[in-house]
Amino acid sequence: SLRFPQKLWKMLESGKFHSLWWSEGGKCVAINIDLFEVEVLGREGQQVFHTQKMKSFMRQLNAYGFTKMQRNFQRSASLPEFLAEEAAASAHCQILYYYNPSFNRAHPRLLETCKRR
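Not measured: the values here are computed from a predicted model.

Draft legend 1. Looking closely at the packing of aromatic side chains. Counting across every chain of the model gives nine aromatic pairs. Seen in terms of ring centroids, tryptophan 9 and tryptophan 22 are 5.0 Å apart; in terms of plane orientation they differ by 80°. Their pairing is edge-to-face. Here tryptophan 22 lies in strand 1 (residues 20-23) and tryptophan 9 lies in helix 1 (residues 4-14), a separation of 13 residues in the sequence. Exposure remark for tryptophan 9: the relative accessible area of 13% places this residue in the buried category. Under the relative-accessibility criterion, tryptophan 22 is labelled buried at 4%. The interplanar angle of 45° and the centroid separation of 4.6 Å between the aromatic rings of phenylalanine 36 and phenylalanine 57 together place this pair among those described as tilted. With phenylalanine 36 in helix 2 (residues 33-41) and phenylalanine 57 in helix 3 (residues 54-63), the pair connects residues that are 21 residues apart, well separated along the chain. In this pair, the class of phenylalanine 36 matches that of phenylalanine 57, namely buried. What links up through ring pairs into an aromatic cluster is the set Phe4, Phe36, Phe49, Phe57 and Tyr64.

Draft legend 2. Geometry of the side chain of threonine 51. With respect to the element layout, threonine 51 can be found in the loop between helix 2 and helix 3. Threonine 51 sits in the buried class, given a relative accessible area of 13%. A distance of 3.5 Å separates the side chain of threonine 51 from the side chain of serine 56, its partner in a polar contact. For threonine 51, the contacting residues outside a window of four places in its chain are Leu41, Ser56 and Phe57.

Procedures and definitions
Residues numbered from 1 in each chain as written. Predicted model: local features only at pLDDT ≥ 70, side-chain atom pairs only at ≥ 80, totals over all residues. Heavy atoms only, no water. Phe/Tyr/Trp six-rings, centres within 6.5 Å; stacked < 30°, edge-to-face > 60°. Helix = DSSP H or I, 4+ residues; strand = E, 2+ residues; numbered from the N terminus. Buried < 20%, exposed > 50% of the residue type's maximum accessible area, 1.4 Å probe, protein only. Polar contact = N/O pair within 3.5 Å; in protein donor to acceptor, adjacent residues only side chain to side chain. Contact = heavy atoms within 4.5 Å.

If you want it as structure tokens, here you go:
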């Protein structure tokens with residue numbers, strides 16, 4: 001079974017989930033809380049993570065060295081990211097942004113260094 005960071009990476013790369021996406025050019029993970037709770041945490045019988053609570057998921061992020069980012073940086077440069085962020089913003093949903101220096105789309109090999117604290 002995959003560790004938490006690998007599961008998260010696989011979800012981001014699959015394109016099957018609309019509740020989370022790469023942001024800031026692949027340096028951050030953006031999560032639409034409302035949609036994530038339904039789409040990922042609310043899955044009956046097909047749980048991706050071993051929790052159904054957003055707080056537990058965020059504790060996992062923190063345990064693996066992810067830090068919550070304030071959204072005062074520039075809009076995403078790529079069109080898909082920009083459209084996802086615009087759609088989320090227009091739906092008045094809360095979007096969380098998490099950063100981990102070892103979790104970078106352009107450098108998949110760094111994923112091996114993403115360890116639990």
